[in-house]
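Here is what each chain is made of, one letter per residue.
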Amino acid sequence: MTVAVRVPEELSARIPVEQRGVGLDRDAVRLLVSRGTEVSHHAFVELPRLLRAGDLLVVNTSPTLAAAVDGRVGHARVVVHFSTRGDDGRWAVELRDPDGKGTTRARTGGPAGLEVRLPGGGWLVLEEPLSARGDRLWWARVSGPGVLGMLREHGRPIRYSYTERDQPLSAYQTVFALPSADGTGSAEMPSAARPFTARLVAELVSRGVQFAPITLHTGVASAEVHEPPYPERFSVPEASARLINAARAGDGRVVAVGTTAVRAVESAAGPDGVVRAREGWTDLVVTPERGVRVVDGLLTGLHEPEASHLLMLEAIAGRAAIDRSYEEALRGLYLWHEFGDIHLILPEEGPHAVHCASNCR
């Protein structure tokens, strides 16, 4: 990414848009639209007029968990962010220090064997780093009451320092969120879908836009070092795979709502670009070198210049297009982060512009 300017602090969305004025709903955010290097400015409520009959929106149905709880290491307070439940029953967790302002700051991970007391009489023991890439996230064995019940009773949504105050969990749920069969969900909101309202969904459907639900339970993001995502659990059901393949075979464009939707769909696509029903874990990181096989467009929030997600955006639209759109976002004072404005990336021409003909792998 060549945009070297850091995002000014005043461009952080500190509260949800519906709390910024009387009568505002979630869809009262702005929408930056880029087609190649052409950029235009819209309101999010204009989305139905920017898409067309036959287009398909891929949406993530993962619910957001109240994934942050207070804990203690000896007499010291810590905040535990529960990221992902493993197949062996362990949880990937991040320990952070309270900053005295209602949010947290990074702390050194580990060591193995560290015990953390949890609310409700439980505790966890750190066992090993999740990845050789670093020691921010650790696998931990949790004892005592069940984690999901503890999160429901004592947890709160993960909150970072750019936000103004705590919000209820409902502020972090999207209109597409569905309870999962095992009670799990996302540690952080699949936030690109946050501006959708039931009214807007109904208008899109009335105009012939379809929806393909997938699930990807997103883990804890790195607020400081912008690491690529760790392996995450996902599911692309048979019905959604059929919808995606039908759109690609016709005149529709496949537009992912959020980077999580891209990761899930591209993980379920074969080298031939055909999406097949699949579930499990994905460690896919979409880069310009890997390219994309399925996705034509993307609805996403605005990412900081260091964010690994920008590589995915480049894979979809090309570097020049992303540089141009981010210059316009900064110039236009768009708002960043999960309560901020939205960026719609569409292909320059045709329903399936070949944006990675030489590098799809």
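Refer to the preceding data block for the structure.
Now for a quick tour of the structure. Predicted model, so just to flag it, every value in this text is computed and none were measured.

**Here we look at the packing of helix H5 (residues 259-267) against helix H6 (residues 309-317)**
Thinking step 1. The interhelical angle for the contact between H5 and H6, taken along N-to-C directions, is 65°, at an axis separation of 11 Å. With respect to the hand of their crossing, H5 and H6 are arranged in left-handed fashion. For the pair H5 and H6, the contacting residues are Thr-259, Val-262 and Arg-263 in the first and His-309, Met-312, Leu-313 and Ile-316 in the second.
Thinking step 2. Considered class by class, the residues forming the contact of H5 with H6 number four nonpolar, two polar and one charged.

**Notes on the pairing of strand S3 (residues 56-60)**
Thinking step 1. For S3, the tally of buried residues reaches five of five residues, placing the bulk of the element in the interior.
Thinking step 2. Along S3, one buried face is formed by Leu-56, Val-58 and Asn-60 and the opposite face, lined by Leu-57 and Val-59, is buried too.
Thinking step 3. Examined bridge by bridge, S3 and strand S11 (residues 210-217) share five bridges and lie parallel to one another. Bridging across to S11, Asn-60 finds its partner in Ile-214.

**Focus on the pattern of salt bridges**
Thinking step 1. One pass over the structure, following the stated rule, counts 25 salt bridges.
Thinking step 2. Residue Arg-14 pairs with Glu-9 through a salt bridge whose shortest N-O separation is 3.6 Å.
Thinking step 3. Glu-94 serves as the salt-bridge partner of Arg-96, at 3.2 Å between the closest nitrogen and oxygen.
Thinking step 4. Judged by its relative accessible area of 1%, Arg-96 falls in the buried class.
Thinking step 5. Glu-94 gets classed as buried once you look at its relative accessible area, which sits at 2%.

**Section: the sheet that holds strand S15 (residues 297-301)**
Thinking step 1. Pairing in this open sheet of nine strands is mixed, and the strands run S2-S1-S16-S15-S13-S3-S11-S12-S14 from one edge to the other. The open sheet is flanked by strand S2 (38-43) and strand S14 (278-282), the only strands paired with a single partner. Each strand of the sheet is rotated relative to its neighbour by a mean of 20°, with strand direction disregarded.

**Quick look at the packing of aromatic side chains**
Thinking step 1. Inspection of the entire model under this criterion finds seven aromatic pairs.
Thinking step 2. Each ring, one from Phe-82 and one from Trp-91, has its centre 5.7 Å from the other, and the planes form 85°; the classification is edge-to-face.
Thinking step 3. According to the relative accessible area criterion, Phe-82 is buried, its value standing at 0%.
Thinking step 4. Take Trp-91: its relative accessible area is 4%, and that puts it in the buried class.
Thinking step 5. A ring pair is formed by Tyr-172 and Phe-339, whose centres lie 5.4 Å apart and whose planes are at 55°; its orientation type is tilted. Of this pair, Tyr-172 sits in the loop between helix H2 (147-154) and helix H3 (198-206) while Phe-339 is found in the loop between helix H7 (319-331) and strand S16 (342-346), placing the two residues 167 residues apart along the sequence.
Thinking step 6. Residue Phe-339 is classed as buried on the basis of its relative accessible area of 3%.

**Digging into the environment of Val-93**
Thinking step 1. For Val-93, the position within the fold is in strand S6 (residues 91-98).
Thinking step 2. Sequence-wise, Val-93 and Leu-137 are 44 residues apart; in three dimensions their C-alpha atoms are separated by 5.4 Å.
Thinking step 3. When sequence neighbours within four positions are dropped, the list of residues in contact with Val-93 reads Val-80, His-81, Phe-82, Ser-83, Leu-124, Leu-126, Arg-136, Leu-137, Trp-138 and Ala-140.

**A short note on the pairing of strand S4 (residues 68-73)**
Thinking step 1. In this structure, S4 lies alongside strand S5 (residues 76-85), joined through six bridges in antiparallel fashion. Bridge assignment links Gly-71 to a residue of S5, and that residue is Val-78.
Thinking step 2. The hairpin formed by S4 and S5 contains two residues between the paired strands, and Gly-74 there has a positive phi angle of roughly 65°.

**Side note on the environment of Tyr-172**
Thinking step 1. Here Tyr-172 falls in the buried class, since its relative accessible area comes to 4%.
Thinking step 2. Here the alpha-carbon distance between Tyr-172 and Ser-191, two residues 19 residues apart in the chain, equals 7.8 Å.
Thinking step 3. Ignoring anything within four residues of it in the chain, the contact list for Tyr-172 reads Thr-64, Pro-157, Ile-158, Gln-167, Met-189, Glu-338 and Phe-339.

**What about the nonpolar core?**
Thinking step 1. With 47 residues, the main nonpolar core has Val-58, Val-236, Ile-244, Val-262, Val-275, Ile-316 and Trp-336 as its most contacted residues.
Thinking step 2. With five residues, the single largest contributor to this core is H6.
Thinking step 3. Among all residues touching Val-236, those that are not within four sequence positions of it are Ile-214, Ala-241, Ala-264, Ala-268, Val-275, Ala-277 and Arg-278.

**Section: the packing of H6 against H7**
Thinking step 1. With their axes 7 Å apart at the nearest point, H6 and H7 run at an angle of 120° to one another. Taken together, the axes of H6 and H7 lie oblique to each other. Contacts between H6 and H7 pair Leu-310, Leu-313, Glu-314 and Ala-317 from the former with Arg-319, Ala-321, Ile-322 and Tyr-326 from the latter.
Thinking step 2. Residue classes in the contact of H6 with H7 are distributed as six nonpolar, no polar and two charged.

**Some points on helix H4 (residues 238-249)**
Thinking step 1. Between the first and last C-alpha of H4 there are 16 Å, a value that for twelve residues agrees with the 16 Å anticipated at 1.5 Å per step.
Thinking step 2. Tucked into the core, H4 has its buried residues touching S3, S11, strand S12 (232-236), strand S13 (254-257) and H5.

Criteria and cut-off values
Residues numbered from 1 in each chain as written. Predicted model: local features only at pLDDT ≥ 70, side-chain atom pairs only at ≥ 80, totals over all residues. Heavy atoms only, no water. Axes fitted to C-alpha atoms, helices over the stretch in contact; angles between N-to-C directions. Helix = DSSP H or I, 4+ residues; strand = E, 2+ residues; numbered from the N terminus. Left-handed = near helix turned anticlockwise from the far one by under 90°. Contact = heavy atoms within 4.5 Å. Nonpolar A, V, L, I, M, F, W, Y, C, P; charged D, E, K, R; others polar. Buried < 20%, exposed > 50% of the residue type's maximum accessible area, 1.4 Å probe, protein only. Pairing = 2+ DSSP bridges. Salt bridge = Lys/Arg side-chain N within 4 Å of Asp/Glu carboxyl O. Phe/Tyr/Trp six-rings, centres within 6.5 Å; stacked < 30°, edge-to-face > 60°. Core = buried A, V, L, I, M, F, W, Y, C linked by side-chain atoms within 4.5 Å. Parallel < 35°, antiparallel > 145°, perpendicular 65-115°, else oblique. Expected span 1.5 Å × (residues − 1).

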